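Chain by chain, the residues run as shown.
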Amino acid sequence: MTEPQGTSADRARWRRYLADERAEAAVYRELAARREGEEREILLALAAAEGRHEAHWLRLLGGDDSGLPRAELRTRMLGGLAKRFGSIFVLALAQRAESRSPYGTDPDATAAMAADERIHGEVVRGLAARGRRRLAGTFRAAVFGANDGLVSNLALVLGIGATGVPASVVLFTGIAGLLAGALSMGAGEYVSVRSQRELLEASAPDPGARDALPDLDIDANELALVYRARGMEPEEAAEQAALVVARVHAVELAPTDALPAADHDDEAVGTGLAAAVSSFCFFASGALIPVLPYLFGLSGLPAVITATVLVGIALLATGATVGLLSGASPMKRAFRQLAIGLGAAAITYLLGLAFGTTIG
């Protein structure tokens, strides 16, 4: 064991870094245990990189790792989530954690370590993007469905209730709004996703066209037009097409590998049925919340306040979820969602009061 370096304050800071590096390496190992193939290898490589950083701080401490503090609360929470779920949420949080590394300004961290942390953020961003693509279609329908259900039915319930009608009328209006909205959202998502997939399929190359490649005239290469239609510049398209035809004639390239692929990601679109079911269920669950006070016998102002508070909590939760998945600030997204949702409901409530006064 070598002699420790630095002042007591320096050593305290190094111990904190050492604890954090060990905890972060453990997070990546937990995530790797729930992955396979390339993603597992990448996560284990990240854990190994954190191990190199750990060795740097341990060397400055003279090999003495006694008296280490607990890792930051954020890192410990990541470790717990990774152990139990290993989900896209953990990767999104890890992305934010890597972007806040203090090594860029710490004089005892090497430039390579600071650069590592920046690149780690991009690696985790890429892994999180894979998960987001897998969730994109169904998750988009779920989030929009839940928010639409919360906001539209709260606005409906408050607007009708403000006119002064009996609580039973508000209740049945809310239930009707729930059913109508959920069916409409489900049907709309199904048509939207199916139409999007059909448009993407129509943009994909025709497999039968590949069979014509060996017979193309190199001097009048029609394949160049295909590449130009896919976005290449004329000169680049002509060079690429000539190369492809020459290789096909030389039997170096299978015809099925020659045409450019359509630029789309089926995973990100999702399936029509999954989007429809997700949208229906989440709209219905969101739309049920403003109706709950009336189902339990409340009426008048107490019902309005209770419904608004319940919907506000749900809007904060959905906004924070979107923020986490996008790698952005969950609090900012949560309060933005809350402001938009309650703002729309407030306008409808005021209109209901105005109509109620006029009718009365």
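Residues numbered from 1 in each chain as written. Predicted model: local features only at pLDDT ≥ 70, side-chain atom pairs only at ≥ 80, totals over all residues. Heavy atoms only, no water.

Draft legend 1. Local environment of the overall build of the chain. Within the chain one finds 13 helices and 0 strands. In the chain, buried positions account for 38% of the 360 residues. Here the analysis covers contacts within the chain between residues at least 6 apart in sequence; of these, 76% occur between residues at least 24 apart. In the structure as shown, the chain presents an accessible area of about 19100 Å², 62% of it carried by carbon and sulfur atoms. (Helix = DSSP H or I, 4+ residues; strand = E, 2+ residues; numbered from the N terminus. Buried < 20%, exposed > 50% of the residue type's maximum accessible area, 1.4 Å probe, protein only. Contact = heavy atoms within 4.5 Å. Areas by Shrake-Rupley, 256 points an atom, 1.4 Å probe, with all protein chains shown as cover.)

Draft legend 2. Molecular detail of the packing of aromatic side chains. Counted by the stated rule, this structure contains 3 aromatic pairs. With 5.4 Å between their ring centres and 85° between their planes, Y17 and Y103 make a pair best called edge-to-face. With Y17 in helix α1 (residues 8-33) and Y103 in the loop between α4 (88-99) and α5 (111-161), the pair connects residues that are 86 residues apart, well separated along the chain. Chaining the aromatic ring pairs together yields one cluster made of Y17, W57 and Y103. The ring of Y17 has R16 lying over it, and the distance from NZ or CZ to the ring centre is 5.5 Å. (Phe/Tyr/Trp six-rings, centres within 6.5 Å; stacked < 30°, edge-to-face > 60°. Lys NZ or Arg CZ within 6 Å of the ring centre and 35° of its normal.)

Draft legend 3. Looking closely at the packing of α1 against helix α2 (residues 37-60). With their axes 8 Å apart at the nearest point, α1 and α2 run at an angle of 165° to one another. Comparing their axes, α2 and α1 come out roughly antiparallel. Between α1 and α2 lies a crossing whose hand is left-handed. Contact with α1, carried on its side by W14, Y17, L18, E21, R22, E24, A25, Y28, R29, L31, A32 and A33, involves R40, L43, L44, L46, A47, E50, H53, E54, W57, L58 and L60 of α2 and no other residues of that element. A breakdown of the residues in the contact of α1 with α2 according to their chemical character gives 15 nonpolar, 1 polar and 7 charged. (Axes fitted to C-alpha atoms, helices over the stretch in contact; angles between N-to-C directions. Parallel < 35°, antiparallel > 145°, perpendicular 65-115°, else oblique. Left-handed = near helix turned anticlockwise from the far one by under 90°. Nonpolar A, V, L, I, M, F, W, Y, C, P; charged D, E, K, R; others polar.)

Draft legend 4. Structural view of a nonpolar patch on the surface. Taken together, the side chains of F172, I175, L179, L288, L295 and F296 present a nonpolar region at the surface, about 620 Å² in accessible area. With respect to the secondary-structure elements, I175 resides in helix α6 (residues 167-203). Residue classification places I175 among the partly exposed positions, given a relative accessible area of 32%. (Patch = residues over 30% accessible without salt bridge, like charges linked within 9 Å, V, L, I, M, F, W, Y side chains within 5 Å. Salt bridge = Lys/Arg side-chain N within 4 Å of Asp/Glu carboxyl O.)

Draft legend 5. Layout of a negative patch on the surface. Taken together, E233, E235, E236 and E239 make up a surface patch of like negative charges. One can find E235 in helix α8 (residues 234-249). Look at E235 and you get exposed, because its relative accessible area is 66%. (Lys, Arg positive; Asp, Glu negative; His and termini not counted. Charge placed at Lys NZ, Arg CZ, Asp CG, Glu CD.)

Draft legend 6. Molecular detail of the confidence of the model for the chain. With 75% of its residues at a pLDDT of 70 or more, the chain has an overall mean of 77. Long-range and interchain partners of residues 251-269, a stretch whose pLDDT sits below 50, account for 42 contacts in this model, where long-range means more than four residues apart. (pLDDT = per-residue confidence, 0-100.)

Draft legend 7. Structural detail: the environment of L298. Mapped onto the elements of the fold, L298 is located in the loop between α11 (292-295) and α12 (300-326). The exposure class assigned to L298 is partly exposed, which follows from its relative accessible area of 33%. Residues contacting L298, with those up to four places away along its chain left out, are A167, P293, A303 and T306.

Draft legend 8. Structural view of the environment of R22. Looking at the secondary structure, you find R22 in helix α1. For R22, a relative accessible area of 27% translates into the label partly exposed. Between the alpha carbons of R22 and A47 there is a distance of 8.8 Å; along the sequence they are 25 residues apart. For R22, the residues in contact, after removing those within four places along its chain, are R29, E54, L58, D65 and L68. In this structure the side chain of R22 is engaged in a polar contact, spanning 2.8 Å, whose partner is the side chain of E54. (Polar contact = N/O pair within 3.5 Å; in protein donor to acceptor, adjacent residues only side chain to side chain.)

Draft legend 9. How the structure looks around α2. End to end, α2 covers 36 Å across 24 residues, agreeing with the expected 34 Å (1.5 Å per residue, within 8%). Immediately beyond the C-terminal end of α2, within one or two residues, lies G62, with a positive phi of roughly 70°. (Expected span 1.5 Å × (residues − 1).)

Draft legend 10. Geometry of the side chain of E54. Here E54 lies in helix α2. Judged by its relative accessible area of 19%, E54 is buried.

Draft legend 11. Seen up close, the nonpolar core. Ranked by size, the top nonpolar core spans 17 residues in total, and within it L150, L154, Y294 and V311 carry the most contacts. Contributing elements (two or more residues each) for this core: α5, α6, α12 and α13 (330-359). Looking at this core element by element, the count peaks at 6 residues for α12. Ranked by size, the runner-up nonpolar core spans 16 residues in total, among them L31, L46, A47 and V90. (Core = buried A, V, L, I, M, F, W, Y, C linked by side-chain atoms within 4.5 Å.)

Draft legend 12. Summary view of the environment of H120. Relative to the helices and strands, H120 resides in helix α5. Residue contacts for H120: discarding those within four places in its chain leaves L46, A49, E50, H53 and E98.

Draft legend 13. Examining the pattern of salt bridges more closely. Counting across every chain of the model gives 8 salt bridges. Two residues, R22 and E54, come together in a salt bridge whose shortest N-O distance is 2.8 Å. With R22 in helix α1 and E54 in helix α2, this pair connects stretches of sequence that are 32 residues apart. For the salt bridge of E39 with R35, the shortest nitrogen-to-oxygen distance reads 3.0 Å.

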